[in-house]
Amino acid sequence: MKMNNLKVIGLSCISFAMVLSGCSTTKTAEPAAATTAPAASTAAATKAPEPAKSGEKITINFWNPFSGNDGPFMKKIVDNYNKSQDKFNVKMTIQPNGDYYKLLDTAIATKKGVPDVAIMHLDQTPTYIAKDLLQPLDEVAKSAGVDKSNFPAATVDYATKDGKWYSIPLDIHPLVMYYNKDLFAAAGITAPPTNRQEFVDAAKKLTDPSKGIWGAAMPTFWIQNFLFPTVLFQNGGSFLDEKGNIAYNSPAGVEAVTFMRSLTTMKVSPPTVAADGDFNLFQQGKSAMHFNGPWAKDAFDKAKVNYGVAQVPQLGTVKQAVFAGSHNFVIPKSTTDAAVLAGVGDFLKYVSNNSIDWAESGQAVASKVVRDSAAFKAMTQQQTEVAKEFDYVQFAPKVLNWGPISDSIWSELANALQGKKDPKAALDDAAAKSTIAMNKK
């Protein structure tokens, strides 16, 4: 893709007016503030660690934004790693998801408490790479025995600039479809839909006004950040054209919005859905099909919903595709101590071979070694279905500051989905704002 008119760095969980994946501080989403570029913030940075004393384990400071239900799963990995060897001690700090990048930026700007290794959403890496704040991982990975071939090529390619590899993926978290098994059985539907026609037919059969049950509550706000691009891509569309100009207001984008809005006129979805309304209806057994990310699993388990998980049907008209995010490990450029770098590499090698505990959170891990294991293949409820989408996953454009560029999409999309604005007019207005944001210095 040519990016002549973009501030491109090299070229898919954010910020995309979201942050992609299971770092949720709420039950349904993982929204997080995106920074346009690392800069100072009023948020307090973590106090700088004390150097290790002679004979003590070398401390590796690790930051992540897993402040939701996924935090304990990462803690288990860290605890098990610390028990597995006696040379390094990984000290995990969970920063609030919504403030994560502000805190990281503050630490970097003030040079106080900068983590030795951190989790970063894949679509954040271009900006941090361009600001020269991350170091290539090639040597650390090679020394530790972490091989690129163990991870999906799409994530490796996205995180590579000028032949240098900057982030090691932990997972890929695409949009998935949850469905209520009890409602499906009552309607005589034996399998989840795989295409648009099957989806519409199923939604009509599943809708029961007398019981207040909807076939599929079409989200108006959150998770549209995953659903709209999915249908856009399935229609053969893209966010940017070959010259790097905004292109989501194309016929492919308009058709995607028109279709989603049509579910309300078909009366298989409520006419308006409040924020989190689609999630609440599914959790209450009042909606039969629901789009969300793998991180929703824990909430549905706790609510004792009898649900199944399926790949997103091909709701578009051209091809199968799904939008996704990805959690990745990065090493700030300020991590220079050779012993610490060796510890980071050793930890990342351990995670690449032992991330089955992360899969327990509902995620499909990036490591092929783990995905090929008997333990992962036995996870038939969700994880293996999520992994099937890796073959056609697509990410956000690999450009600087995609978050601010894309911000205007979501409010205008809500206007169209609520029937307040024509789909074409809404996307044109959003595209005009995105173009202005893109051209800002």
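Residues numbered from 1 in each chain as written. Predicted model: local features only at pLDDT ≥ 70, side-chain atom pairs only at ≥ 80, totals over all residues. Heavy atoms only, no water.

S.K.: Looking at this structure, I do not really get the pairing of strand β7 (residues 171-174). What am I missing?
M.R.: As a general feature of sheets, a regular strand has side chains that alternate between the two faces. The side-chain alternation of β7 yields two buried faces, one formed by Asp171 and His173 and the other by Ile172 and Pro174. As paired strands, β7 and strand β14 (residues 364-365) are joined by 2 bridges and run antiparallel to one another. The partner of isoleucine 172 across the bridge, within β14, is alanine 364. (Buried < 20%, exposed > 50% of the residue type's maximum accessible area, 1.4 Å probe, protein only. Helix = DSSP H or I, 4+ residues; strand = E, 2+ residues; numbered from the N terminus. Pairing = 2+ DSSP bridges.)

S.K.: For this particular structure, what's the right way to read the packing of helix α8 (residues 224-234) against helix α9 (residues 251-265)?
M.R.: Working note: a packed helix pair is described by the angle between its axes plus the distance between those axes. It is the contact of α8 with α9, at a shortest axis distance of 8 Å, that shows an interaxial angle of 120°. Judged by the inter-axis angle, α8 sits oblique to α9. For the pair α8 and α9, the crossing hand works out as right-handed. Residue-level contacts link Gln224, Leu227, Phe228, Val231 and Leu232 of α8 to Ala252, Gly253, Ala256, Val257 and Met260 of α9. Taken together, the residues of the contact of α8 with α9 sort by class into 8 nonpolar, 2 polar and no charged. (Axes fitted to C-alpha atoms, helices over the stretch in contact; angles between N-to-C directions. Parallel < 35°, antiparallel > 145°, perpendicular 65-115°, else oblique. Left-handed = near helix turned anticlockwise from the far one by under 90°. Contact = heavy atoms within 4.5 Å. Nonpolar A, V, L, I, M, F, W, Y, C, P; charged D, E, K, R; others polar.)

S.K.: Would you take a moment to explain the packing of helix α7 (residues 196-206) against α9 for this structure?
M.R.: Relative to each other, α7 and α9 sit at 20°, their axes nearing to 12 Å. Taken together, the axes of α7 and α9 lie roughly parallel to each other. In this structure, the crossing between α7 and α9 has a hand that is right-handed. The segment α7 lies against α9, with Arg196, Phe199 and Val200 engaging Glu255, Phe259 and Leu263. For the contact of α7 with α9, the residue count by class is 4 nonpolar, no polar and 2 charged.

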